[in-house]
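Chain and residue survey
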Amino acid sequence: MNTDNTYIQLIEQALAFMPGPCRIHVGYSGGLDSTVLLHMLVAWQQARPSGRGKAQPLRAIHVNHQLLPQAQSWQQHCQQVCKQWQVELDCLTVTVDQGAASLEQQARLARYHCFDEQVGAGEVLMLAHHRDDQVETLLQRLARGSGPLGLGAMARVSQRRDYRVVRPLLELDREQLERYANHHKLKWIEDPSNQDDSFERNFLRNRILPRWRQQHPRLNQTLARSARLCQESSELLAQLAELDLGLPRADGGLSLSRLEPLSSPRRNNLLRYWLRQQGFQPPSEVVLGRIEAEVMMAAEDAQPRVEWGSCCVRRFQSVLYCMDLNLPGGEQESIPFSIPFEPIRLPYGCLSGGLGSNGQSTPFSREVLRQAPLCIGFRQGGERLTMPGRPSKPLKDIFQEMGVPPWLRGIWPIVYSGERIAGLPGLLVCAGFEPHSREDGLLLDWVRGG
Ligand SMILES: Nc1ncnc2c1ncn2[C@@H]1O[C@H](COP(=O)(O)OP(=O)(O)OP(=O)(O)O)[C@@H](O)[C@H]1O
């Protein structure tokens, strides 16, 4: 398969961040953009017989949303193309909630859910977004009043969960992709919903942008530059927030002492950053104002809370906490079961083994933990713990002494090794479970936004 060297370089550049070979998955809808991307990747692999690409084969993923009668024939088209190009293909069928407000958004969620399940840790997912997509995203976000983070639109390389999303075509216009496809006589499917101007993106693409480009031929380049500048600004804002946040607290809280000395914009920046770090949707300006007026300024003994969507910010003493009310423990404030140890998502983070999210946690002994089945339980009442070199104490008193907010006490995971309590992740390790050496240490810790 022959292709221009410029396109091979485009793929090389997009993967320059990778230290070595890694499996590459491609989101392949069968449309023009992803057909071009897949074709370029196959050509790139062939041009680099001993390079990164060859070491790990390509794998295309086609998500069948079952939304249109043509869905099955699109899937067959993808199967034929991949057979011809000798690319491994997996077709995954999803059921999109058709009663939902935005079908487009539901289809996207279902698609990303598939990708999350299919792409392994440290691997790469390639998507075929191009410069026209970037411009449309920027304009849609502008219309929603987004700040620099949203206006940064899509990055060429971004992190999603434990894998990277790479968009090698982001610097190319749709017109260039069409020329490429025609030159190589590629076949692709046309989605009739792209003509439906009731979708905002199609309205911009079909009605607004073509006319605007007549007046402003470099519109794509200039708007894409604005997106890149916004990406830079939001990167700087994140760095500033990281400095302002300091060492993260084990319980995910944000001390008022970190917020109070800051100017109002800097305080808002820190609040947004802190919430994003924990996987929460950014609050609107109005909600931020309410957090400041109702939660931060409340009296010491008040129990203020501000909610938006399923998120809730509360305060205990002089620390702010954020929770997801939809997750177990988010509303009922206790979890009445014990579960085998595995990563679990709780309202204020995801408990995970071996990954330290902050430097304050105390490690457990791997060797001792291996001696009995590990399990996570939640407070039922009456538990006692023995910390190294101290007499045993009721768990209730320990929570109080350590300043754990009352609503977190019923949902703070307790690590059980058989019948014995080994410790409280992020807070303490019990006597007999301390590691003998650095290598023996295992962090059971909170991963924010996991
Ligand atoms: N049905 C599909 N199966 C596999 N990959 C897909 C599918 N639809 C889209 N993709 C991948 O996602 C990329 C973006 O597609 P599209 O522009 O339709 O997405 P979108 O709905 O705007 O959502 P987002 O931009 O958030 O991905 C495509 O270029 C392709 O790589």
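Every residue gets a number counted from 1 within its own chain, in the order that chain's sequence is written. Per-residue local features are limited, in this predicted model, to residues with pLDDT of at least 70; the limit for side-chain atom pairs, both in listing and counting, is 80 or more; totals at the level of whole chains, interfaces and linings are taken over all residues.

The geometry of helix 6 (residues 131–143) relative to helix 10 (residues 219–245) is characterised by a closest axis approach of 9 Å and an angle of 60 degrees between their N-to-C directions. In terms of orientation, helix 6 and helix 10 fall into the oblique class. Note that helix 6 runs across helix 10; the crossing there is left-handed. Only Asn220, Leu223, Ala224, Ser226 and Ala227 of helix 10 make contact with helix 6, whose side of the interface consists of Arg131, Asp132, Gln134, Val135 and Leu138. When residues are sorted by character, Ala, Val, Leu, Ile, Met, Phe, Trp, Tyr, Cys and Pro go into the nonpolar class, Asp, Glu, Lys and Arg into the charged class, and all the rest, Gly among them, into the polar class. Across the contact of helix 6 with helix 10, the residue classes break down as 5 nonpolar, 3 polar and 2 charged. Here the axes come from fitting lines to C-alpha atoms, over the contacting stretch only for helices, and the angles between their N-to-C directions go from 0 to 180 degrees. Think of it this way: any DSSP run of H or I at least four residues long counts as a helix, any run of E at least two long counts as a strand, and we number them from the N terminus. The cut-offs work like this: below 35 degrees is roughly parallel, past 145 is roughly antiparallel, 65 to 115 is roughly perpendicular, and the gaps in between are oblique. We call a crossing left-handed when the near helix sits turned anticlockwise from the far one by less than a right angle, and right-handed when that turn is clockwise. Whether two residues are in contact depends on their C-beta atoms, placed from the backbone: they are in contact if these lie within 7 Å.

Let us look at the environment of Glu235. Here Glu235 is to be found in helix 10. Labels follow a simple rule on C-beta atoms placed from the backbone: if 20 or more others lie within 10 Å of a residue's own, it is buried; if 12 or fewer, it is exposed; otherwise it is partly exposed. On the basis of neighbour count, Glu235 is assigned to the partly exposed category, with 14 C-beta atoms found within 10 Å. In sequence terms Glu235 and His39 are 196 residues apart; their C-alpha atoms lie 33 Å from each other.

Attention shifts here to the sheet that holds strand 3 (residues 88–93). In this scheme, strands are said to pair when DSSP sees at least two bridges between them. As summarised here, the arrangement of the 6 strands in space is 3-2-1-4-6-5, forming an open sheet in which the pairing is mixed. Each of the sheet's edge strands pairs with one partner strand only, and the pair in question is strand 3 and strand 5 (157–160). If you compare each strand with its neighbour and ignore which way they point, the axes differ by 30 degrees on average. As paired elements, strand 5 and strand 6 (residues 163–166) share 4 bridges and run antiparallel to each other. Each residue of the ladder has a partner; that of Gln159, found in strand 6, is Arg164. Sitting on the sheet, helix 4 (residues 71–85) touches strand 2 (58–64) and strand 3, and the angle it makes with strand 3 is about 165 degrees. Against the sheet, helix 5 (residues 103–118) contacts strand 1 (24–27), strand 2, strand 3 and strand 4 (124–126), and its axis sits at roughly 145 degrees relative to strand 2.

Here the focus is the UniProt feature "binding site: ATP" (unreviewed entry) in the protein. Under the UniProt annotation, the feature "binding site: ATP" (unreviewed entry) is placed at Ser29, Gly30, Gly31, Leu32, Asp33 and Ser34. By the element assignment, Ser29 lies in the loop between strand 1 and helix 2 (32–47). Ser29 has contacts with Ser34 and His62, leaving out every residue within four places of it along the chain. Residue placement: Gly31 occurs in the loop between strand 1 and helix 2. UniProt positions are given in the numbering used here, feature names are shortened, and annotations may be inferred rather than shown by experiment.

Let's shift gears to helix 1 (residues 5–14). Side chains of residues three or four places apart in an α-helix project in the same direction, reflecting 3.6 residues per turn. Within the span of helix 1, buried status applies to Tyr7, Ile8 and Ile11. What you see down the axis of helix 1 is that its buried residues fit within an arc of 105 degrees, all on one side. Exposed residues lying more than 90 degrees from the buried face of helix 1 are Asn5, Thr6, Gln9 and Gln13. In this description, one arc is meant: the one made by directions from the helix axis to the C-beta atoms.

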